[in-house]
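# What the coordinates show
Chain by chain, the residues:
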Amino acid sequence: SSAARALASAAAALSAASAGIGSTDGARGSGEGGCEGGEEWLLLPEAEYVVAKNREAAAKNEKGVKLCRNKQYFRYKLLPDLLSRHPPRKAHATAEEAEAEAERRRAMLSFISGLLQYDPAQRWTPRQAIQHPFITGSKYTGRFAVAPAAPAAPAAPPVAAPYQQ
């Protein structure tokens, strides 16, 4: 069956890779399970992929591809660390701009923290959240006291209207 051939192909590629034949950085497989033509494929690290694609493009007189330099993953595990330590997109021209950015980040952290409270009794309602300085644009002073949620109005039973002809 095609599944058995794909498994055998993957096993052969794995044994060849462990024996030092071919690239051990990539993952090999077979397209017989669903790809047309049953082509063999190889997953390459990004740098090797770019080199291979550029060789193909040069042979065909086509435009090549570039290595993606903007794949930066965050070093931070916690949201407060990310918001306080991650560098801004562009450098601030003045100290006032830097302080305004820091204030926006503190306000954003406060806002997100209020929305993501695990306890529903502590979590802000939408009505409370739209009063936050991050949303209103007012100055964030370091602490935001939410107004207590208004109790829900008791539901009145429906009143039957008299039938009129």
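Everything here concerns the structure above.
All values reported here derive from a predicted model rather than from experimental measurement.

Along its length, the protein chain carries six helices and two strands. For the protein chain, the α and β elements follow one another from N to C terminus as α-β-β-α-α-α-α-α. By element, 58% of the accessible surface of the protein chain is carried by carbon and sulfur atoms, the whole surface being about 13600 Å².

A few words on the environment of His-86. Its location among the elements puts His-86 in the loop between α3 (79–85) and α4 (95–115). For the pair formed by His-86 and Phe-74, sequence separation is 12 residues and the distance between their alpha carbons is 8.1 Å. Among all residues touching His-86, those that are not within four sequence positions of it are Phe-74, Tyr-76, Asp-81 and Arg-105.

Here we come to a nonpolar patch on the surface. Residues Ile-130, Phe-134 and Ile-135 make up a contiguous nonpolar surface patch of roughly 280 Å² in combined accessible area. Here Ile-130 lies in the loop between α5 (126–129) and α6 (133–136). Classification of Ile-130 by relative accessible area gives exposed; the value is 54%.

What follows deals with the pattern of salt bridges. Side chains that carry opposite charge are capable of pairing whenever their charged atoms lie near each other. Under the definition given, this model contains six salt bridges. The residue Arg-85 makes a salt bridge to Asp-81 at a minimum N-O spacing of 3.9 Å. With a gap of four residues between them, Arg-85 and Asp-81 both fall in helix α3, about one helical turn apart. Judged by its relative accessible area of 54%, Arg-85 falls in the exposed class. Where Glu-101 meets Arg-105, a salt bridge forms, and the shortest distance between an N and an O atom there is 2.9 Å. Placement of the pair is Glu-101 and Arg-105 together in helix α4, with a separation of four residues, close to one helical turn. Assessed through its relative accessible area of 18%, Glu-101 is described here as buried.

By the element assignment, Ser-110 lies in helix α4. Relative accessible area serves as the criterion here: at 16%, Ser-110 is assigned to the buried category. In this view, Ser-110 contacts Trp-124, His-132, Tyr-140 and Phe-144; residues no more than four positions away in its chain are not counted.

Turning to the side chain of Arg-105, a few remarks are in order. Note on Arg-105: relative accessible area 17%, which makes it buried. Polar contacts involving the side chain of Arg-105 include one to the main-chain carbonyl oxygen of His-86, which spans 2.6 Å.

Going through the model one piece at a time under the given rule, you end up with three aromatic pairs. For the ring pair Phe-111 and Trp-124, a centre distance of 6.5 Å and an interplane angle of 55 degrees mean the geometry is tilted. Residue Phe-111 is located in helix α4, and its partner Trp-124 is located in the loop between α4 and α5; the two are separated by 13 residues in the primary sequence. Side by side, Phe-111 and Trp-124 carry an identical accessibility label, which is buried.

If you check α4, its first and last C-alpha atoms are 30 Å apart, about what 21 residues at 1.5 Å a residue would give, namely 30 Å. In this structure, the buried residues of α4 make contact with α3, α5 and α6.

Taking 1.5 Å of rise per residue, the 14 residues of helix α2 (residues 46–59) would be expected to cover 20 Å, and the 20 Å separating its terminal C-alpha atoms lies within 8% of that figure. Trailing α2 by a residue or two, Asn-61 shows a phi angle of about 55 degrees, which is positive.

Reading the values: the criteria
- Residues numbered from 1 in each chain as written.
- Predicted model: local features only at pLDDT ≥ 70, side-chain atom pairs only at ≥ 80, totals over all residues.
- Heavy atoms only, no water.
- Helix = DSSP H or I, 4+ residues; strand = E, 2+ residues; numbered from the N terminus.
- Areas by Shrake-Rupley, 256 points an atom, 1.4 Å probe, with all protein chains shown as cover.
- Contact = heavy atoms within 4.5 Å.
- Patch = residues over 30% accessible without salt bridge, like charges linked within 9 Å, V, L, I, M, F, W, Y side chains within 5 Å.
- Salt bridge = Lys/Arg side-chain N within 4 Å of Asp/Glu carboxyl O.
- Buried < 20%, exposed > 50% of the residue type's maximum accessible area, 1.4 Å probe, protein only.
- Polar contact = N/O pair within 3.5 Å; in protein donor to acceptor, adjacent residues only side chain to side chain.
- Phe/Tyr/Trp six-rings, centres within 6.5 Å; stacked < 30°, edge-to-face > 60°.
- Expected span 1.5 Å × (residues − 1).

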